[in-house]
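Spelled out, the chains give:
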Amino acid sequence: MAQRRPLVVDVLPSIGLAALGLVGLRANSPLARLESDPPATWVSVAFVVALAVPLCWRRRLPLATLSAVTAVFLLFRWFEVPEYTASSIILFLALVDSGVFGRQPHATWARGAAIASLLCVLAWEVASVDLPADAPITVDDLRSRQAFAVITNLAFFAAGWAIGDLLRGRHEREAELRQRTAELEAERLENARRAVLEERVRIARELHDVVAHHVSVMGVQAGAARLVMSDRPADAVELLEAIESSSRDAVGELHRLLGFLRAGDEPSAGVPAEPQPGLGRIGRLVDQVQEAGLDVRVRIEAPDGAGGVVEGAVGGGGRPALAPGVDLSAYRIVQEALTNTLKHAGPARAEVVLRYEVERLEIEVCDDGRGGVAGDEHGRVNGVGLGICGMRERAELHGGSLEAGPRPGGGFGVVASLPLDGHWR
């Protein structure tokens, strides 16, 4: 309410206190005439209204409000206006609000000046009291009453000062919390946006790997089919069937990955999700590469549960389970490495070794072909290609590492290390 309609929140207390002051003035005037000579009624009413009006700006101009209220209050006491309750509340609110909403250090100086002036008037009033000889009270009674008045006013000013500082600290903490909440919300939105971008980058990498692998396989198979078309038509037909199968696989994976992209904006347009490829499908991958003309041998080394190592072929049991992300990255690293061998090694044989250790999976893909040229720091060869870079990024994403380059004895090798992050099955 105070933030949405500050003027209403400030004006209503001003009107209420002015009405309270007028009621108090009406109640105290008859008694005041018995003890002293109060000002005319219209003058008292003007003072009450003038004292309450500055509160309309107590939040927007707190120091000016305190100055105005203090000045009117001093005149209020000088003319001995017979009203005590509303005037004290107005002065207290002005003192508190100057501490809450005033700018430091100006608020400190303004409050100090106001209290000092009020104490000076109080001291003058105390010093100017002259007790008549026939007064019904003694001098000691008068001094006790004056001491009580001084102590009460000091407590009044101290309370106004302390409450203003306490409320100011609370408002600052609330403002800090609102700012922190806004920052956290902005950070949450930024993290969500970054997550979407990272997911799209991941899908783009998946598309690159899928297209590069299948197109490379189909290119090699198409070249082989062209060479044997006239002499061995049956072999050419098998190669064309393999190309057809590879194209279907490529289109199926493209539909699956692009379906995730569509589902982000049009949920109804998404395609049914299929399991992500993993090392469990490495046999099918090897079959595709072998159909393209690359001789591939796969060897799996896994613990036997007694401290030894068991070697096996594709599909062997006893292997530790991998986290889904690690399993996918391992599959893509093998796929990319075999695709590079197929494209660059020429007539060659390749070997894939999956070495399961206690906490890590070692992947080694080597060939005995023409060898390769080690890429630059980004994994590019002759300035183009991102295959090695993509494999290295996949390994580092899971806290692993990857090395790729020509082998000393000839050929090319890729060695990757990935954390298992799984459990024995």
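Going by the structure above, here's the rest.
Along each chain, residue indices are assigned from 1 in the same order as the chain's sequence is written. Only residues with pLDDT of 70 or above have their local features reported here, since the model is predicted, and side-chain atom pairs are shown and tallied only from 80 upward, although totals for entire chains, interfaces and linings are computed over all residues. Only hydrogens and water are removed before side-chain values are computed, so all heavy atoms of the structure are retained for them.

Chemist: Would you mind showing me how to read the packing of helix α9 (residues 324-344) against helix α10 (residues 387-397) here?
Modeler: For any two helices packed against each other, the geometry comes down to the angle between their axes and how far apart the axes lie. For the pair α9 and α10, the least separation of the axes is 10 Å and the interaxial angle reads 160°. Taken together, α9 and α10 sit at an angle that is classed as roughly antiparallel. The handedness of the crossing between α9 and α10 comes out as left-handed. Of the residues in α10, those in contact with S329, R332, I333, E336, A337 and N340 of α9 are G387, I388, M391, R394 and A395. For the contact of α9 with α10, the per-class residue count stands at 5 nonpolar, 3 polar and 3 charged. Only the stretch in contact is used when a helix axis is fitted, and all axes are lines through C-alpha atoms; the angle between N-to-C directions ranges over 0 to 180 degrees. Segments assigned H or I by DSSP are reported as helices when at least four residues long, segments assigned E as strands when at least two residues long, and all are numbered from the N terminus. An angle counts as roughly parallel when it lies under 35 degrees, as roughly antiparallel when it exceeds 145, as roughly perpendicular when it falls between 65 and 115, and as oblique in every other case. For a crossing to be left-handed, the near helix must be turned anticlockwise from the far one by less than a right angle; the clockwise case is right-handed. Every residue pair with non-hydrogen atoms within 4.5 Å of one another is taken to be in contact. Note on residue categories: nonpolar means Ala, Val, Leu, Ile, Met, Phe, Trp, Tyr, Cys or Pro, charged means Asp, Glu, Lys or Arg, and polar means any other residue, Gly included.

Chemist: Hey, could you run me through the pattern of salt bridges in this one?
Modeler: Pairing of side chains with opposite charge becomes possible as their charged atoms draw close. Salt bridges are counted wherever a side-chain nitrogen of Lys or Arg sits within 4 Å of a carboxyl oxygen of Asp or Glu. In total, this model carries 14 salt bridges according to the counting rule given. Two residues, E190 and R193, come together in a salt bridge whose shortest N-O distance is 2.6 Å. Of this pair, E190 and R193 both sit in helix α6 (residues 139-228), separated by 3 residues, roughly a single helical turn. Any residue under 20% of the maximum accessible area for its type is buried, any over 50% is exposed, and the rest in between are partly exposed; the area is computed with a 1.4 Å probe on protein chains only. Its relative accessible area of 43% is what places R193 among the partly exposed residues. A salt bridge links R355 to E364; the shortest N-O distance between them is 3.7 Å. Judged by relative accessible area, which is 23%, R355 ranks as partly exposed.

Chemist: Looking at this model, I keep getting lost on α9. Mind explaining?
Modeler: In an α-helix, one full turn covers 3.6 residues, which means residues spaced three or four apart are oriented alike. What a helix should span is 1.5 Å times the count of its residues minus one. Spanning 21 residues, α9 covers 30 Å between terminal C-alpha atoms, matching the ideal 30 Å at 1.5 Å per step. Most of α9 is tucked away, with 16 of its 21 residues classed as buried. Note on α9: the residue one or two positions beyond its end, G346, has a positive phi of about 75°.

Chemist: Would you mind showing me how to read the nonpolar core here?
Modeler: Across soluble globular proteins, you tend to see nonpolar side chains buried next to one another. In plain words, nonpolar cores are sets of buried Ala, Val, Leu, Ile, Met, Phe, Trp, Tyr and Cys residues tied together by side-chain atoms within 4.5 Å. Formed by 38 residues in total, the largest nonpolar core has its most connected members in V296, L338, V352, L354, Y356, L361 and I363. For this core, the secondary-structure elements that each account for two or more residues are α8 (282-291), β1 (295-303), α9, β3 (349-356), β4 (360-367), α10 and β6 (412-419). In this structure, V352 is in contact with I282, V296, R297, V298, R299, V334, L338, E364 and V365, ignoring residues within four places of it in sequence. L51, L55, A94 and L118 belong to the second largest nonpolar core, which has 24 residues in total.

Chemist: Any chance you could explain the packing of aromatic side chains here in plain terms?
Modeler: To describe a pair of aromatic rings, one takes the distance between the centres and the angle between the planes. The criterion for an aromatic pair is that two Phe, Tyr or Trp rings (for Trp, the six-membered ring) have centres within 6.5 Å, with stacked assigned to planes under 30 degrees apart, edge-to-face to planes over 60 apart and tilted to the rest. This structure, assessed with the given rule, holds 6 aromatic pairs. Measuring from centroid to centroid gives 5.5 Å for W78 and W124, while their planes differ by 25°, and the two rings are stacked. Taken together, the residues span a long stretch of sequence, with W78 in helix α3 (residues 62-78) and W124 in helix α5 (residues 106-127) at a distance of 46 residues. The exposure class assigned to W124 is partly exposed, which follows from its relative accessible area of 48%. Taken together, a centroid distance of 5.3 Å and an interplanar angle of 55° make the contact between F92 and F156 tilted. Remark: F156 occurs in helix α6 and F92 occurs in helix α4 (residues 85-101); sequence separation between them is 64 residues. By relative accessible area, F92 is classed as partly exposed at 22%. Pairwise contacts between aromatic rings join F47, F73, F76 and F79 into one cluster. Either the NZ atom of lysine or the CZ atom of arginine qualifies as a charge over a ring when it sits within 6 Å of the ring centre and within 35 degrees of the ring normal. Against the face of W161 rests R111, its NZ or CZ located 4.2 Å from the ring centre.

Chemist: I would appreciate a short explanation of the side chain of R111 in the present structure.
Modeler: Within the fold, R111 resides in helix α5. A distance of 3.3 Å separates a polar side-chain atom of R111 from the backbone oxygen of W161. Leave out the neighbours within four places in its chain, and R111 touches L66, L95, S98, G99, Q104, W161 and D165. Counting of polar contacts relies on pairs of N or O atoms within 3.5 Å, with two restrictions inside protein: one atom must be capable of donating a hydrogen and the other of accepting it, and residues adjacent in sequence are counted only when both atoms are side-chain atoms.

Chemist: Looking at this model, I keep getting lost on helix α2 (residues 41-52). Mind explaining?
Modeler: Under the 1.5 Å per step criterion, the end-to-end length of α2 is 17 Å for 12 residues, consistent within 8% with the ideal 16 Å. Buried residues of α2: V43, S44, F47, V48, L51 and A52, and no others. Buried residues of α2, viewed axially, fall in a sector of 165°; they line one side. Think of it as the arc spanned by the lines of direction from the helix axis to the C-beta atoms.

Keep in mind these values describe shape, not function.
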